[in-house]
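Chain by chain, the residues:
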Amino acid sequence: GTVATFITMASQSTFRARGFSSTTIPRGVIIFCHGSGDTGSGVKSYVEAVAPPQTRASLDHAGIVFSYPSAEPRPYRLAGGLTTSVWFDRHGGMEPSHPEDTASVESSARRLNRLVDDIVATGVPAEKIALGGFSMGGGIALQTAARSRHRLRAVFSLSSF
């Protein structure tokens, strides 16, 4: 079904839509960003496992599809500098007094805004796109929306910082 369909970023600026043709434009898209250390496919599996069947059926019937982009792997200071799938880096710790790495926030926000641009280019109006995520994914969703030239339908952040 359409709910099992998702939109991925094949590279930094390439958009690939699987599961619908150019004549079947989704009525809406929910971009769901993963938390630190996860991937788009990992959070996709989680969302599909916990979403009640009636919710999945309602979204499918309404023509709503999900996009589960993955962050570019980067060295992460809070993991001892190990390369992991995170949307942005942090300096010193998780406490609010420790700053985010602005360059990595800007880089991920640009990538996600290109994804929004690419979805809009397929014919989905920006006001039919929701952007959000879990943990670090919710944080980058807020950062991205604040920098977006589009007026999105919704922005959400679940258990985020």
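Located above this text is the structure these notes cover.
Residues numbered from 1 in each chain as written. Predicted model: local features only at pLDDT ≥ 70, side-chain atom pairs only at ≥ 80, totals over all residues. Heavy atoms only, no water.

Describing the overall build of the protein chain
And then number 1: A count of helical and extended segments in the protein chain gives four helices and eight strands.
And then number 2: The order of helices and strands in the protein chain, counted from the N terminus, is β-β-β-α-α-β-β-β-α-β-α-β.
And then number 3: When each of the 161 residues of the protein chain is scored for burial, the buried share is 42%.
And then number 4: Within the protein chain, residue pairs in contact and separated by at least 24 positions form 65% of the contacts whose partners lie at least 6 positions apart.
And then number 5: Approximately 8000 Å² of the protein chain is accessible, and the part contributed by carbon and sulfur atoms is 54%. (Helix = DSSP H or I, 4+ residues; strand = E, 2+ residues; numbered from the N terminus. Buried < 20%, exposed > 50% of the residue type's maximum accessible area, 1.4 Å probe, protein only. Contact = heavy atoms within 4.5 Å. Areas by Shrake-Rupley, 256 points an atom, 1.4 Å probe, with all protein chains shown as cover.)

Regarding the nonpolar core
And then number 1: Ile 31, Cys 33, Trp 87, Ile 119, Ile 129 and Ile 140 are the most contacted members of the largest nonpolar core, which has 22 residues in total.
And then number 2: Filtering out sequence-adjacent residues up to four positions away, Cys 33 remains in contact with Pro 69, Trp 87, Leu 112, Leu 131, Gly 132, Gly 133, Phe 134, Gly 137 and Ile 140.
And then number 3: Residues Phe 32, Val 43, Val 47 and Phe 66 belong to the second largest nonpolar core, which totals eight residues. (Core = buried A, V, L, I, M, F, W, Y, C linked by side-chain atoms within 4.5 Å.)

Some words on the environment of Ser 85
And then number 1: Structurally, Ser 85 can be placed in strand E6 (residues 82-85).
And then number 2: Owing to a relative accessible area of 9%, Ser 85 belongs among the buried residues under this scheme.
And then number 3: As for Ser 85 and Ser 70, which are separated by 15 residues in sequence, their C-alpha atoms are 7.4 Å apart.
And then number 4: With residues up to four places along the chain from it excluded, the contact list for Ser 85 reads His 34, Gly 35, Ser 36, Gly 37, Asp 38, Thr 39, Ala 71 and Pro 73.
And then number 5: A polar side-chain atom of Ser 85 sits 2.9 Å from the main-chain carbonyl oxygen of Asp 38.
And then number 6: From its side chain, Ser 85 meets the backbone oxygen of Ala 71 in a polar contact 3.4 Å long. (Polar contact = N/O pair within 3.5 Å; in protein donor to acceptor, adjacent residues only side chain to side chain.)

Side note on a nonpolar patch on the surface
And then number 1: There is a patch of nonpolar side chains on the surface, built from Leu 78, Met 94 and Phe 161 and spanning about 240 Å² of accessible area.
And then number 2: On the accessibility criterion, Leu 78 (33% relative accessible area) is partly exposed. (Patch = residues over 30% accessible without salt bridge, like charges linked within 9 Å, V, L, I, M, F, W, Y side chains within 5 Å. Salt bridge = Lys/Arg side-chain N within 4 Å of Asp/Glu carboxyl O.)

Concerning the pattern of salt bridges
Between side chains of opposite charge, a pair can form as their charged atoms come close.
And then number 1: The tally for this structure, following the rule as stated, stands at seven salt bridges.
And then number 2: Ionic pairing is found between Asp 117 and Arg 149, a salt bridge with its closest N-O pair at 3.4 Å. Placement of the pair is Asp 117 in helix H3 (residues 102-121) and Arg 149 in the loop between helix H4 (136-147) and strand E8 (154-158), with a sequence separation of 32 residues.
And then number 3: Among the residues examined, Asp 117 registers a relative accessible area of 26% and is labelled partly exposed.

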